[in-house]
Every structure is written in C-alpha cells, then in structure tokens.
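Overview (structure and organization)
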Amino acid sequence: EKIEVKEFYQKLRDGAMPTTYQVTSESAREHIEEHLEKGRDVLVITFSSALSGTNGSFVVAAKNLQEKYPDRKIFVVDSLCACMGQGLFLDYVVKKANEGVSIEETRDFAENLKLHICHHFTVDNLFHLKRGGRVSGATAIIGSILKIKPVMHVDDGGHLTVVSKCMGRKKAVHALFENMLVSQELGENDPVFIAHADCMDDAEYLKSLILQKFPKVEITIGDIGAVIGSHAGAGTIALFHKGKKR
C-alpha cells in the first residue's frame with residue numbers, strides 16, 4: 001500500500017505500530033531473471049545483511065539462476081550500508097560503471113568502497129529502538145524522561161551501534177556533524193547525503209553546519225521511507241559521507 005511520508009509519520013506519532021518483511025528469494029529471483037532473459041549480466045547491491053535478510057534472499061536466487069544461465073554473470077554485493085547510506089554507495093558505484101569498466105571491476109570497486117561509506121544517526125524516540133531490540137525497556141523509559149538522544153553509526157559489520165549519548169536534540173544533531181569532521185575524507189566531487197524522518201528543519205540545520213565547513217560540497221536531503229522509519233521512528237536524522245573509515 002502506498003502512503004505519503006508525512007502521513008506515515010503522523011500515524012507513528014499517533015501510536016501506529018507498522019511491521020516490515022524482507023524480500024523473499026522468489027521475489028529476488030524475479031527481479032534478477034527479467035534482466036538475464038534480455039541477455040544482461042547482473043550486479044546486485046543489497047541492504048546490509050546485518051540489518052535484513054534481503055541479502056540472503058538475493059544470494060540464494062543468484063545461485064539458483066547461475067545454474068539456469070551458465071553463460072551470464074551474476075554478482076551480489078552486501079553493501080553493509082543502510083538507508084541513504086546505501087543510496088550514496090550506489091551513487092559512487094553507478095558512476096564507476098558508467099565509466100565503461102567491466103562488471104567485475106565495478107564489483108571490486110564496490111567491495112573496496114563500502115567500508116568507506118560513513119553513517120551517523122540519531123533518533124528522537126527511544127521506544128522504536130526498544131521495540132526492535134536495540135535498547136532495553138528501562139533504557140527507553142529513563143532516556144525519554146531525561147531527554148537522552150543516542151548517537152549511532154553503522155559499523156564495519158553493518159550493525160547499527162550506539163557510539164555516544166547526548167542530552168537533548170540539538171546536541172545530538174551537532175554530534176552528527178562533529179563525528180563527520182573526525183571521519184570524513186571528502187574529495188572535490190564527493191557528495192554528502194542527509195536523510196530525515198519528517199524533521200526537515202533539523203536536516204536543513206545540519207546542512208548549514210556542513211556548508212560552513214565545506215562550502216562547495218553538494219548536499220542531498222531525502223526522506224527516510226516507511227521501512228526504515230518503522231524501526232527508527234519519526235524525528236530520526238542521518239548523515240552519510242565518504243570517510244577514511246567507518
């Protein structure tokens with residue numbers, strides 16, 4: 001069912017509890033095979049295997065299809081990325097592919113790049129993380145009372161982990177920027193992505209902080225969709241960029 005982003009987050013604020021499900025191996029097979037039937041080789045970039053079983057579904061589908069199409073090349077890369085972090089990763093990979101390199105070179109480029117895509121997150125409501133098993137019930141209650149905001153990142157294993165805690169929203173948004181300053185390795189043409197869950201004002205504020213330090217960087221702001229939003233909640237904000245390491 002299609003739903004507008006703002007309507008979705010209003011439903012969350014009103015107490016709705018959505019559920020999500022991973023792509024099945026059969027669905028993954030259909031997505032791949034439509035290209036194989038047209039004589040194309042296929043490179044699949046999946047959401048982090050540490051956060052979803054989608055990668056496993058595509059691996060199974062690719063293995064089965066390789067037997068049916070022995071003359072075609074089918075590769076699956078686990079991005080170990082999430083949200084617009086995967087979008088940023090794909091931006092680099094597509095640009096590489098458009099240079100005319102082989103599918104193997106594109107795959108190898110992706111494998112070498114993925115641990116240089118940095119993710120910095122903060123959430124506004126700890127109870128969504130509690131529901132997903134990220135924090136305990138006691139932590140969610142105490143954190144909400146004290147207005148503690150966790151600052152998280154996606155580690156080298158593709159897991160979402162807490163790196164620090166801030167008292168209040170503004171400090172948490174500043175922490176995303178400060179963490180970027182430590183980890184960034186931005187070249188002249190490296191973009192920065194910001195994703196938000198119905199909190200555009202915070203996204204614009206974070207953008208302004210970045211532009212003060214990096215006035216020429218291209219910054220893209222996008223919505224956090226319903227799948228990630230179901231687990232992170234309204235008010236989540238995330239920052240993605242290329243870095244020395246995660």
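Higher on the page you've got the structure.
The rules behind these values
Think of each chain on its own: its residues are numbered from 1, step by step along the sequence as written. Residue-level local features of this predicted model are given only where pLDDT is at least 70; pairs of side-chain atoms are given and counted only at 80 or more, and the full residue set underlies all totals for whole chains, interfaces and linings. Side-chain metrics in this entry use all non-hydrogen atoms of the structure; hydrogen atoms and water are not considered. We count a stretch as a helix when DSSP gives it H or I for four or more residues in a row; a strand needs E for two or more, and each element gets its number in order from the N terminus. Under the scheme applied here, a residue whose accessible area is under 20% of the maximum for its type counts as buried, over 50% as exposed, and between as partly exposed, the area being computed with a 1.4 Å probe on protein chains only. Note on contacts: a residue pair qualifies if any of its non-hydrogen atoms lie within 4.5 Å across the two residues. What is meant by a nonpolar core is a set of buried Ala, Val, Leu, Ile, Met, Phe, Trp, Tyr and Cys residues, joined one to another through side-chain atoms within 4.5 Å. Think of a patch as exposed residues, more than 30% relative accessible area, with no salt bridge, where like charges cluster within 9 Å and nonpolar side chains (Val, Leu, Ile, Met, Phe, Trp, Tyr) cluster within 5 Å. Accessible areas in this description were obtained via Shrake-Rupley with a 1.4 Å probe; residue shielding takes into account the shown protein chains only. Put simply, a salt bridge is a Lys or Arg side-chain nitrogen that is within 4 Å of an Asp or Glu carboxyl oxygen. His residues and chain termini do not enter the charge count, which takes Lys and Arg as positive and Asp and Glu as negative. Just so you know, the charge point we use is NZ for Lys, CZ for Arg, CG for Asp and CD for Glu. Note on aromatic pairs: the rings of Phe, Tyr and Trp (six-membered ring only in Trp) are paired at centre separations within 6.5 Å, and the planes decide the class, stacked below 30 degrees, edge-to-face beyond 60, tilted for the rest. Any Lys NZ or Arg CZ that is within 6 Å of a ring centre and within 35 degrees of that ring's normal is treated as a charge sitting over the ring.

A closer look at the overall build of the protein
When helices and strands are tallied, the protein shows 10 helices and eight strands. By principal-axis analysis of the C-alpha atoms, the protein measures approximately 60 × 40 × 30 Å. Every one of the 246 residues in the protein was classed for burial, and the buried ones make up 44%. If you take every contact in the protein between residues at least 6 apart in sequence, the share linking residues at least 24 apart comes to 76%.

Considerations on the nonpolar core
Counting 29 residues, the largest nonpolar core has Tyr 9, Cys 83, Phe 89, Ile 117, Phe 121, Ala 195 and Phe 240 as its most contacted members. Of all the secondary structure elements, the ones that give two or more residues to this core are helix 1 (5-13), helix 4 (83-97), helix 5 (103-113), strand 3 (117-122), strand 4 (148-154), strand 6 (192-196) and strand 8 (237-242). Looking at which element gives the most residues to this core, the answer is helix 4, with six residues. Ignoring anything within four residues of it in the chain, the contact list for Phe 240 reads Ala 82, Cys 83, Met 84, Gly 85, Leu 88, Cys 118, His 119, Phe 121, Val 192, Phe 193 and Ala 195.

Examining a negative patch on the surface
Taken together, the side chains of Glu 26, Glu 30, Glu 34 and Glu 37 define an acidic patch exposed on the protein surface. Residue position: Glu 30 is located in helix 2 (residues 25-36).

Overview of the packing of aromatic side chains
Summed over the entire model, instances satisfying the criterion amount to two aromatic pairs. Considering the side-chain rings of Phe 8 and Tyr 9, the 5.0 Å spacing of their centres and the 75 degrees angle between planes classify their relative orientation as edge-to-face. Looking at Phe 8, the relative accessible area reads 8%, which means it is buried. Judged by relative accessible area, which is 0%, Tyr 9 ranks as buried. Pairing Phe 121 with Phe 240 gives two aromatic rings, centres 5.6 Å apart and planes at 85 degrees, and the pair type is edge-to-face. Of this pair, Phe 121 sits in strand 3 while Phe 240 sits in strand 8, and the two are 119 residues apart along the sequence. Among the residues examined, Phe 121 registers a relative accessible area of 7% and is labelled buried. Residue classification places Phe 240 among the buried residues on the basis of a relative accessible area of 0%. Across from the ring centre of Phe 75, 4.4 Å away, lies the NZ or CZ of Arg 107, which sits over that ring.

So yeah, pure geometry; function would need other evidence.
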